[in-house]
Protein chains: 2
Amino acid sequence: MPYYIGDVIKDEKRLIARTPEKFRETGIDVRIDTRVEEIDPKARRVHLAGGETLPYDILVLGTGTKPILPGIPGEEREGVFTLKKLSDALRIKAWLKNVPCRKVIIVGAGFIGMEMSDVIRGLGIETQVFHRGTLPVNRWDPEFSKTVLAELERHQVGFVTGVEVRAVEEGKQYRLRLVTNRGEDEADMILIAVGIRPETELARRMGLPLGKNGAIRVNFSQRTPEEGVYAVGDCAESFHRVSRDWVNIPLGDIANKQGRVAGRNIGGGSAVFPGIVGSQCFKVFDLEVAATGLTEREAADSGFRPVSTLIWGNSIAGSMPGNKKLGLKLVADRATGKLLGAQAVGGAGAVSRINTLACALWSELTLDDLGWLDLAYSPPVASAWDPIHVAAQQLRRQI
Amino acid sequence: MPYYIGDVIKDEKRLIARTPEKFRETGIDVRIDTRVEEIDPKARRVHLAGGETLPYDILVLGTGTKPILPGIPGEEREGVFTLKKLSDALRIKAWLKNVPCRKVIIVGAGFIGMEMSDVIRGLGIETQVFHRGTLPVNRWDPEFSKTVLAELERHQVGFVTGVEVRAVEEGKQYRLRLVTNRGEDEADMILIAVGIRPETELARRMGLPLGKNGAIRVNFSQRTPEEGVYAVGDCAESFHRVSRDWVNIPLGDIANKQGRVAGRNIGGGSAVFPGIVGSQCFKVFDLEVAATGLTEREAADSGFRPVSTLIWGNSIAGSMPGNKKLGLKLVADRATGKLLGAQAVGGAGAVSRINTLACALWSELTLDDLGWLDLAYSPPVASAWDPIHVAAQQLRRQI
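Model, not experiment: these values are computed from the prediction.

On the surface, a nonpolar cluster with roughly 220 Å² of combined accessible area is contributed by Ile58, Val60 and Ile266 of chain A. Tracing the chain through its elements places Ile266 of chain A in helix α6 (residues 252–266).

A few words now on the interface of chain A and chain B. Contacts between the two partners involve 45 residues from chain A and, on the opposite side, 45 residues from chain B. Together chain A and chain B conceal approximately 4,100 Å² of surface at their shared face, both sides included; 62% is due to carbon and sulfur atoms. Ranking the residues of chain A by area buried against chain B places Lys257, Trp372 and Asp374 of chain A at the top, with a combined share of 20%. Applying the counting rule to chain A against chain B returns zero salt bridges. Remark: the boundary between chain A and chain B carries 19 residue pairs in polar contact (both at pLDDT 80 or more). Broken down by secondary-structure element, the contributors of at least two residues to the side of chain A that touches chain B are α6, β20 (280–284), α8 (350–362), α9 (367–372) and α10 (387–398) of chain A. In terms of residues, the side of chain A that touches chain B owes the most to one element, α8 of chain A, which gives nine residues.

A word on the nonpolar core. Counting 94 residues, the largest nonpolar core has Leu330 and Leu370 of chain A together with Leu330 and Leu370 of chain B as its most contacted members. Ignoring anything within four residues of it in the chain, the contact list for Leu370 of chain B reads Leu339, Leu357, Ala360, Leu365, Ile388, His389 and Ala392 of chain B.

What follows is about the confidence of the model for chain A. Residue and element names in this part refer to chain A. For chain A, the average pLDDT comes to 94, and 95% of its residues sit at 70 or higher. Segment residues 8–12: pLDDT under 50, and twelve contacts once partners within four positions in sequence are set aside and those in other chains are kept. For this predicted complex, the interface score ipTM comes out at 0.94, alongside a pTM of 0.94.

The next thing to look at is the packing of aromatic side chains. Applying the stated criterion to the full structure yields 18 aromatic pairs over all chains. Look at Phe220 of chain A and Phe239 of chain A: their rings are 5.4 Å apart centre to centre, the planes differ by 65°, and that puts the pair in the edge-to-face class. Within this pair, whereas Phe220 of chain A is found in the loop between α5 (201–206) and β17 (229–231), its partner Phe239 of chain A is found in strand β18 (residues 238–240), the two being separated by 19 residues in sequence. A residue is classified by how much of its surface remains accessible, and Phe239 of chain A, at 13% relative accessible area, is buried. Taken together, a centroid distance of 5.0 Å and an interplanar angle of 55° make the contact between Phe111 of chain B and Phe282 of chain B tilted. Taken as a pair, Phe111 of chain B in helix α3 (residues 111–122) and Phe282 of chain B in strand β20 (residues 280–284) lie far apart in primary sequence, 171 residues in all. Look at Phe111 of chain B and you get partly exposed, because its relative accessible area is 22%. In this structure Phe282 of chain B comes out as buried when scored by relative accessible area, which is 0%. Through a chain of ring-to-ring contacts, the aromatic side chains of Phe111, Trp140 and Phe282 of chain A assemble into a single cluster. Lying across the ring of Tyr174 of chain A, Lys103 of chain A places its NZ or CZ 5.8 Å from the centre.

Rules and cut-offs
Residues numbered from 1 in each chain as written. Chains lettered and ligands numbered in written order. Predicted model: local features only at pLDDT ≥ 70, side-chain atom pairs only at ≥ 80, totals over all residues. Heavy atoms only, no water. Patch = residues over 30% accessible without salt bridge, like charges linked within 9 Å, V, L, I, M, F, W, Y side chains within 5 Å. Areas by Shrake-Rupley, 256 points an atom, 1.4 Å probe, with all protein chains shown as cover. Salt bridge = Lys/Arg side-chain N within 4 Å of Asp/Glu carboxyl O. Helix = DSSP H or I, 4+ residues; strand = E, 2+ residues; numbered from the N terminus. Contact = heavy atoms within 4.5 Å. Buried area = accessible area lost by both parts, 1.4 Å probe. Polar contact = N/O pair within 3.5 Å; in protein donor to acceptor, adjacent residues only side chain to side chain. Core = buried A, V, L, I, M, F, W, Y, C linked by side-chain atoms within 4.5 Å. Buried < 20%, exposed > 50% of the residue type's maximum accessible area, 1.4 Å probe, protein only. pLDDT = per-residue confidence, 0-100. Phe/Tyr/Trp six-rings, centres within 6.5 Å; stacked < 30°, edge-to-face > 60°. Lys NZ or Arg CZ within 6 Å of the ring centre and 35° of its normal.

Okay, structure coming up:
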């Protein structure tokens, strides 16, 4: 009988509790609230907390990531959260509602920090983002990061720069006090969102090889070198089709795809995961922020000679109602003219362009291709010369 | 001195009149309201109406298209319009306003018919579309055409099917009366939008070869076989990268690109127009309607063995506010698994998917590629499994 050992989701116990039964009907033994202490790959046995031992023929590791904590005194206090899984979200939701929360400090200005500032500010709660650097989402060009910062400010989200956190203490006016190099600030909730790393403790103790990013090494079938052991999702590596290197980009769509590949191979079929190109996006208030491929830095590290251009265009024909400003940056290789990466920011149309360019990266298209690409044109949805054309032709002239 | 001979745009004369002067400053002699009677390619001379003759070294034909008229009595009456150029739009606008128009009949249910029904109904004017067939926009799958029809009906646009027009007469209650096989109907304006064909009269009389679509034959540099003569835009052919055939798809973005290619070659540079994949779209009320590549019929005519699937998915994650139903149809080749065409219809996201798939057609991607394509995922902008993935994997299983 196949086993599935899942996370604790206390707050939705009633809902989730039905899942194991449902699965059991189909011959799958789903265990929730169950901790795996150790895996013995030689004996092919899983040791659970509490002493039970389960045998396996095939083992799939989908252990995900764990949030990075700064390691400061008081970070374990009630009201200090990280956000990794559904149960975290449910606990935060309950805290926001029941405390009730008047003010939230978010430490970190990456995806989670941006998305949560949108959600929490949207509930009418005073929100501040404390950031180590000077601009949010530093994967993007500083010009685009400034656009994101302006969007935060437009929605009255505070943004504090150059912060080093030192301690969390009990607050006076609010529940908690965050001590930093910049002074002391109080809030009813603190969300720590300074990054994540692959959760590979069990894999490491099993002796599975990890990549330089700390994720579990797999092949294109999601198999680890250990016979009968697969790894999928945020804890595993993926092949990056542009850098030709194995990377760890923990995103839900990649995890979904790798899970399907492993499942098909385990079920007797045959599937390969052809890799990723690094597409990613988030929305913060009314702004779409998206990217694919390599940054200039990553491109140079991979041995390319990157050139880039950044333009501002229109999401649809400039004369039409509903048009939004759209920023697009392209990175290409000087030697081959191939596209290496793209970033986009705008009130609409940013993700759309990035998806088209993700397909271009997948296919190793050059700037010459992109300058003439046959995109669907109609004034209410696009310009005759799309920002993709304009940026590609402009960058082509630089080579 | 380079010449540019343009159309009459009477209604915006004051605006346009400045253009020739502006161009003259840069050394270009722009003639508007000027008719070319004949071109003598041996003598390299252009004969204008009125007797003037202009010599040329290089000639560019950008004669566009002319609307097809049904050839019925009364079609020349005041209040009967076709829509091809800016001056047509300005005349229609003036008519709608000054008559004033209480009711409009649109004959034809293609792009122009759909876009104009949106515009005219949007002005609060009673609008009816009279169509030869039973469903609008017959390039799309009947299921999608039905979605377009439902959108017309939702906005109280009448849709009359199986119509043969016979005459336009003077009306009693309204200005005009349209006589058809279905009876007699009156309106203050009739728009005839039953199609267009390339305007190639001058080219034909010059002895330039025309393709089987009636458009001027050109090479990848936009040169005709006649030394020093180029042709660009709606009057010229384009290479279709999927069917590997020369076609005539009259669209503004293609015309723009071909013009730039010709200009660069004339100016001493070097450019090739790498062809099209047939991307096209329009918006009708709140619906995006888009397509790229070949229909099943066109694919079969081009020697492929088409298979297809049509799915309904979500424009963004199904759980998010703002999600719209999105229909996507894929056509692929059974022998190679390559994508051959795509169609999409939805309240949002249709054009975005078609542009990504246009890039896939450009690159000759297979369904295996599309099933795992790395698209940007975030619930407010997309599902982890995009409709592109779902449709591609579904169609792959059919092969």
